[in-house]
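A closer look at the structure
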Amino acid sequence: MELITSVNNARVKDVANLKQKKYRTESGAFFAEGLRAVKEAAQFADMTDLFFTKTEEEKLRDIVKLAEAKGTRLYCVDEKVMAKLSDTKTPQGVLAVIKMPENDLRQLRPGAFSKERTDTFELDNNAPVLILDRVQDPGNLGTIIRTADAVGALGIILLEGCVDAFSPKVVRASMGSLFHLPVVQDVTAEEALTWCYRNGYEPAATALNNAQNLYKADVSKKMAFIFGNEANGVAEELQAAAETRLFIPMAGMAESMNVAMAAGIILFEGLRQRKFIR
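All of the points below concern the structure found in this document. Bear in mind the structure is a predicted one, so any value in this text is a computation, not a measurement.

Points about the overall build of the chain
- For the chain, the count of helices and strands is 10 helices and 12 strands.
- Against the 2.2 N^0.38 benchmark of 19 Å for 278 residues, the chain shows a C-alpha radius of gyration of 20 Å, consistent with a compact globule.
- Oriented by its inertia axes, the alpha-carbon framework of the chain measures out at about 60 × 40 × 35 Å.
- Out of the 278 residues belonging to the chain, those deemed buried represent 49%.
- Sequence separation of 24 or more characterises 79% of the internal contacts of the chain that already satisfy a separation of 6 or more.

Dropping the structure here:
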């Protein structure tokens, strides 16, 4: 274990730079902070460095043991150094550096991201895939990743123009779920649709017009749900290419809803139909 008390330490500067996409791309690494995210990273990701303050050491005992067993570099730092590393105003005292996973469309298959489950669900051969079109808000993307994990999704395809899935705000909002399923970035619409057709997935775009009522549609099949940009929704060409268009019925006067909320409603309706209707 190395003790670091200087914000000018070379390793500290390198990790602090990971707040910027340029450096994440160049180094092939990103970071996660907070006890829950770091715990998930220690179990399910390729964690290379663990930074923590002395005050958090007792809470991290099990994580530190796991990190040591994996050969992770350990650094005990003071509050000034943690503040330099952290992307939050109030650092939680623990931060992990993680190798960027080499996710691609070939990993989107049942069992590709196998992990121990805490529930009794069997392998879901109809697990959904999400295709996100120009989703820009990090909080929305992180929440969608967490929701996709909760319903046992096969993975997430981010089309060109989406926010970086490995930015600190997305990682934080995903609450560790980013380490549980593949997230494939910078995919063209053509590549995503080709993957759907080759693998028997039905593309289903959210839409307000000329669409089926979600609660009257069969979404228990192999579905690739397409969710769009916060301001403009799913691009017209993607809606036109989709075999199915879905809308969520609403009783009030709101014209639409937040993309992360819409994703949650549709994904859990799919789960209900796949698992709880006999």
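Next comes the rest of the account.
Some words on the environment of Leu-141
- By the element assignment, Leu-141 lies in helix α6 (residues 138–150).
- Judged by relative accessible area, Leu-141 falls into the buried class, the value being 1%.
- Placed 22 residues apart in sequence, Leu-141 and Val-163 show a C-alpha to C-alpha distance of 7.7 Å.
- Discounting residues that sit within four places of it in the chain, Leu-141 has contacts with Leu-132, Val-135, Leu-158, Val-163, Asp-164, Ala-165 and Val-170.

Describing the layout of surface pockets
- Approximately 550 Å³ is the volume found for the largest pocket.
- Around the largest pocket, the lining is made up of 25 residues, and of these Thr-206, Leu-208, Gly-233, Ser-256 and Met-257 lie nearest the centre.
- Where the lining of the largest pocket is concerned, the elements lending two or more residues are β12 (244–247) and α10 (259–275).
- A total of three residues in the lining of the largest pocket trace back to one element, the largest contributor, which is α10.
- Of the residues in the lining of the largest pocket, the class split is 14 nonpolar, nine polar and two charged.

Side note on the nonpolar core
- Grouped together as the largest cluster of nonpolar side chains are 56 residues, with contacts concentrated most on Leu-50, Leu-132, Ile-156 and Phe-225.
- It is α10 that contributes the most residues to this core, seven residues altogether.
- Apart from the residues lying within four places of it in its own chain, the contact partners of Leu-50 are Val-38, Ile-63, Val-64, Ala-67, Thr-72, Arg-73, Leu-74, Tyr-75, Val-94, Leu-95 and Ala-96.
- Core analysis: the second largest hydrophobic core is formed by 21 residues, Leu-159, Trp-195, Tyr-201 and Leu-238 among them.

Here's the deal with the pairing of strand β6 (residues 129–132)
- Neither face of β6 is exposed, since Val-129 and Ile-131 on one face and Leu-130 and Leu-132 on the opposite face are all buried.
- Here four bridges tie β6 to strand β7 (residues 155–159), and the two strands are oriented parallel to one another. Following the sheet pairing, Ile-131 is matched in β7 by Ile-157.
- Handedness of the crossover is the feature at issue here: the chain leaves β6, passes through α6, returns alongside β7, and the resulting connection is right-handed.
- Bridge analysis of β6 against strand β11 (residues 223–227) gives four bridges, and the strand direction is parallel. In the sheet register, Ile-131 faces β11, and the bridge partner there is Ile-226.

Some details on helix α3 (residues 35–44)
- Three or more residues of α3 are buried, namely Ala-37, Val-38, Glu-40, Ala-41 and Ala-42.
- For α3, the secondary structure elements touched by its buried residues are β2 (29–33), β3 (47–53), α4 (61–69) and β5 (94–99).

So, the sheet that holds strand β4 (residues 73–77)
- Pairing is mixed across the open sheet formed by five strands, whose spatial order is β1-β4-β3-β5-β2. Here the strands that pair on one side only, and so sit at the sheet edges, are β1 (2–4) and β2. Taking the axes of each pair of neighbouring strands and ignoring which way they run, one obtains an average angle of 25 degrees across the sheet.
- Across five bridges, β3 lies against β4 in parallel orientation. Residue pairing in the sheet places Asp-49 in a bridge with Arg-73 of β4.

Reading guide: rules and limits
Residues numbered from 1 in each chain as written. Predicted model: local features only at pLDDT ≥ 70, side-chain atom pairs only at ≥ 80, totals over all residues. Heavy atoms only, no water. Helix = DSSP H or I, 4+ residues; strand = E, 2+ residues; numbered from the N terminus. Rg over C-alpha atoms; globule rule 2.2 N^0.38 Å. Buried < 20%, exposed > 50% of the residue type's maximum accessible area, 1.4 Å probe, protein only. Contact = heavy atoms within 4.5 Å. 1 Å grid on protein atoms, 1.4 Å probe; cavity = no way out; pocket = protein on both sides within 12 Å on 5 of 7 lines; lining within 4 Å. Points joined across faces, edges and corners; volume = space filled by probe spheres on them. Nonpolar A, V, L, I, M, F, W, Y, C, P; charged D, E, K, R; others polar. Core = buried A, V, L, I, M, F, W, Y, C linked by side-chain atoms within 4.5 Å. Pairing = 2+ DSSP bridges. Right-handed = clockwise from strand over helix to strand, strands pointing away. Axes fitted to C-alpha atoms, helices over the stretch in contact; angles between N-to-C directions.

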